[in-house]
Amino acid sequence: MDTETLTRPRIDITTEEEIEPDLGDTPPIFGRCPVCGKELRPRDKRTGAPAAPVPGTGYDSRARCSGCGTILVYLGNGRWRPLSEDDLTDDDRFADSLGLD
């Protein structure tokens, strides 16, 4: 009776940082919250699809961190900063006066 030696594939255990999966059509990395450091996953406000906002477009350039709740302004290339009073437009101030979010 012939006996075959079975070889098992070697499994190397690596940390998550060492793995660079092929993401295909997955959106790029969107950066981290500058306040709490949570990874951000912004979505298009109209479609809900994962998408980085276009920098410098007022309301559409903003996102709320789901970790700390800070409203952030997108600067591009995965960089964010907290919303400041200088970022608000007259439309924003009008919406605030009506109690709209």
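This text goes with the structure placed above it.
This structure is a prediction, so every number in the text was calculated from the model and none was measured.

**A few points about the layout of surface pockets**
Inference 1: Roughly 390 Å³ of volume is contained in the second largest pocket.
Inference 2: Along the walls of the second largest pocket sit 21 residues, with Pro42, Arg43, Lys45, Arg62 and Ala63 positioned nearest its centre.
Inference 3: In terms of residue count, the dominant contributor to the lining of the second largest pocket is strand 1 (residues 62-64) (3 residues).

**Quick notes on the pattern of salt bridges**
Inference 1: This model, assessed by the stated rule, comprises 4 salt bridges.
Inference 2: A salt bridge links Glu39 to Arg41, with the nearest nitrogen and oxygen atoms 3.2 Å apart.
Inference 3: Residue Arg46 is joined to Asp60 by a salt bridge in which the shortest nitrogen-to-oxygen separation is 3.2 Å. Pair noted here: Arg46 is in the segment before strand 1 and Asp60 is in the segment before strand 1, with a separation of 14 residues, a long-range link.

**Points about the sheet that holds strand 3 (residues 79-82)**
Note: strands within a sheet are paired through backbone hydrogen bonds, in either parallel or antiparallel orientation.
Inference 1: Read across the open sheet, the 3 strands follow the order 1-2-3; overall the sheet is antiparallel. The two strands at the open ends of the sheet, each matched to only one other strand, are strand 1 and strand 3. This sheet shows a mean twist of 40° between the axes of neighbouring strands, independent of strand direction.
Inference 2: Pairing of strand 2 (residues 71-76) with strand 3 involves 4 bridges; the strand directions are antiparallel. Opposite Val73, over in strand 3, you have Arg81 as the bridge partner.

About the criteria used
- Residues numbered from 1 in each chain as written.
- Predicted model: local features only at pLDDT ≥ 70, side-chain atom pairs only at ≥ 80, totals over all residues.
- Heavy atoms only, no water.
- 1 Å grid on protein atoms, 1.4 Å probe; cavity = no way out; pocket = protein on both sides within 12 Å on 5 of 7 lines; lining within 4 Å.
- Points joined across faces, edges and corners; volume = space filled by probe spheres on them.
- Helix = DSSP H or I, 4+ residues; strand = E, 2+ residues; numbered from the N terminus.
- Salt bridge = Lys/Arg side-chain N within 4 Å of Asp/Glu carboxyl O.
- Pairing = 2+ DSSP bridges.
- Axes fitted to C-alpha atoms, helices over the stretch in contact; angles between N-to-C directions.

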